[in-house]
Amino acid sequence: MPSAADLPPFRATGTAPAALLRRLRGALLRGLLPASCALCGGASPDALCPGCRAQYLDGPAPPRCEQCANPLPGPQRDLAASDDGMAGDDGLAGGNNNIDRTGTAALCGQCLRDGPAFDRTVVAADYAAPLDQLVLQLKFGGRLALAPLLAQLLRDAVLRQPGLVLPALLCPVPLGPQRLAERGFNQALEIARPLARALGVALHPRLAARVHETRAQSSVAPHQRGGNIAHAFALAEPALVAGRHVGIVDDVMTSGQTLNELAATFKRHGAARVSNLVFARTPPR
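This write-up is about the structure you can find in this document. Once a new chain begins, its residue numbering starts again from 1 and follows that chain's sequence as written. Thresholds applied to this predicted model are a pLDDT of at least 70 for local features of residues and 80 or more for the giving and counting of side-chain atom pairs; totals over whole chains, interfaces and linings are not thresholded and use all residues. Side-chain metrics in this entry use all non-hydrogen atoms of the structure; hydrogen atoms and water are not considered.

1. A look at the overall build of the chain
Strands are runs of DSSP state E lasting at least two residues, helices are runs of H or I lasting at least four, and both sets are numbered from the N terminus onward. Along the chain, the regular secondary structure elements total 10 helices and nine strands. Residues counted as buried form 43% of the 285 residues belonging to the chain. For the chain, the share of sequence-separated contacts (at least 6 apart) that also reach a separation of at least 24 residues comes to 71%. Here the open area of atoms and residues is found with the Shrake-Rupley method and a 1.4 Å probe, where only the protein chains shown may cover a residue. Split by element, the accessible area of the chain, about 14400 Å² in all, is 55% carbon and sulfur. Relative accessible area decides the class of each residue, using a 1.4 Å probe on protein chains only: under 20% of the type maximum gives buried, over 50% gives exposed, and in between gives partly exposed. By definition, residues are in contact when any of their heavy atoms lie within 4.5 Å.

2. A word on the pattern of salt bridges
Once their charged atoms are close, side chains differing in charge can pair, the charge on each being opposite to the other. By definition here, a salt bridge exists when the distance from a side-chain nitrogen of Lys or Arg to a carboxyl oxygen of Asp or Glu is within 4 Å. Summed over all chains, the structure comprises five salt bridges. The partner of lysine 139 in a salt bridge is aspartate 251, with the nearest N and O atoms 3.5 Å apart. Pair noted here: lysine 139 is in helix H5 (residues 132-139) and aspartate 251 is in strand S8 (residues 245-253), with a separation of 112 residues, a long-range link. Close ionic contact of glutamate 261 with arginine 268 constitutes a salt bridge, the shortest N to O distance being 4.0 Å. When its relative accessible area of 12% is taken as the criterion, glutamate 261 is described as buried. Exposure remark for arginine 268: the relative accessible area of 52% places this residue in the exposed category.

3. Points about the packing of helix H6 (residues 146-159) against helix H8 (residues 187-199)
The axes are straight lines fitted to the C-alpha atoms, using for helices just the contacting stretch, and the angles between their N-to-C directions are given from 0 to 180°. Put simply, H6 and H8 touch, their axes get as near as 8 Å, and they point 45° apart. Taken together, the axes of H6 and H8 lie oblique to each other. Where H6 crosses over H8, the handedness of that crossing is right-handed. Of the residues in H8, those touching H6 at Ala147, Pro148, Leu150, Ala151, Leu154, Arg155 and Val158 are Glu190, Ile191, Pro194, Leu195, Ala198 and Leu199. Each residue receives one of three labels: charged for Asp, Glu, Lys and Arg, nonpolar for Ala, Val, Leu, Ile, Met, Phe, Trp, Tyr, Cys and Pro, and polar for the others, Gly being one of them. Taken together, the residues of the contact of H6 with H8 break down into 11 nonpolar, no polar and two charged. Every angle not falling under 35 degrees, over 145, or within 65 to 115 is termed oblique; those three ranges are roughly parallel, roughly antiparallel and roughly perpendicular. Crossing handedness is read from the near helix: turned anticlockwise from the far helix by less than a right angle, it gives a left-handed crossing, and turned clockwise, a right-handed one.

4. So, the pairing of strand S4 (residues 169-172)
The two faces of S4 match: Leu169 and Cys171 on one face and Leu170 and Pro172 on the other face are all buried. Across four bridges, S4 lies against S8 in parallel orientation. Its bridge partner being in S8, proline 172 is matched across the sheet by valine 249. We call two strands paired when DSSP finds no fewer than two bridges between them.

5. With respect to unusual backbone geometry
Of note, the amide linkage connecting alanine 129 to proline 130 takes the cis form, showing an omega dihedral of 0°. The topology assignment puts proline 130 in the loop between strand S3 (120-126) and H5.

6. Concerning the packing of H5 against H6
Each pair of packed helices can be summarised by the angle the axes make with each other and by the distance between the axes. The geometry of H5 relative to H6 is characterised by a closest axis approach of 9 Å and an angle of 140° between their N-to-C directions. Put simply, H5 runs oblique to H6. Read as a crossing pair, H5 and H6 show a hand that is left-handed. Across the interface between the two elements, Leu134, Gln137 and Leu138 of H5 pack against Leu146, Ala147, Leu149 and Leu150 of H6. The residue makeup of the contact of H5 with H6, split by class, is six nonpolar, one polar and no charged.

Purely geometric stuff here, so don't read any function into it on its own.
This is the structure in structure tokens:
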């Protein structure tokens with residue numbers, strides 16, 4: 001199984017003539033249609049201008065829990081907590097962290113105490129202003145052209161993970177039939193398609209189905225989200241996941257209950273490992 005370090009630079013796949021035609025078509029469209037940055041609105045040939053990319057995405061990535069991707073305290077904060085004789089307490093990003101020999105925190109206290117069904121989570125950014133606009137414009141504004149951008153940024157985040165082994169297959173978090181009909185598309189699938197091509201991993205868009213129409217997790221109180229999503233998923237081809245590393249793709253991770261339920265479904269059918277590949281992580285409140 002290839003690792004993230006083996007991946008070539010992000011680019012469209014396909015034969016050379018087909019790729020050339022796509023580039024020519026893109027250049028023609030950019031010349032005929034006005035283009036603007038999705039964040040600042042300034043003129044840009046791409047969905048994200050170089051200035052916004054440099055300001056909001058090119059800085060050093062904050063340390064995160066490898067399992068749930070919540071932020072972890074920095075070394076100075078850990079040291080201060082030790083000097084006081086107390087561990088920090090920031091909920092999922094709180095104390096009792098598992099520190100490796102290099103001093104880098106690997107798991108947050110919550111994952112150590114009550115680990116989720118998934119094994120790892122990779123995210124590209126925090127779900128916070130202004131980057132949340134990329135998700136909102138895609139999800140509720142129907143700006144599907146942003147999906148390849150989110151896939152590229154997520155792939156870049158994968159490349160930054162040392163020693164990460166890629167999943168054997170990818171599955172987007174499925175929408176229920178009613179929500180899919182209302183929205184007209186599944187934003188997780190729109191991100192998963194270019195991400196799968198970029199990573200060279202097989203995509204199985206119908207591997208999992210939402211068999212119970214649930215309320216949107218954002219509309220449910222945090223303590224009720226686990227019950228809202230319980231037993232919501234079923235697998236079309238369970239044999240595909242037995243003994244394999246499955247990757248789940250989604251746009252935003254908030255409480256993690258949806259991803260946890262889907263990961264638990266994969267694990268019940270024999271998945272050896274489940275990794276979440278998610279564009280944005282909502283910071284803990």
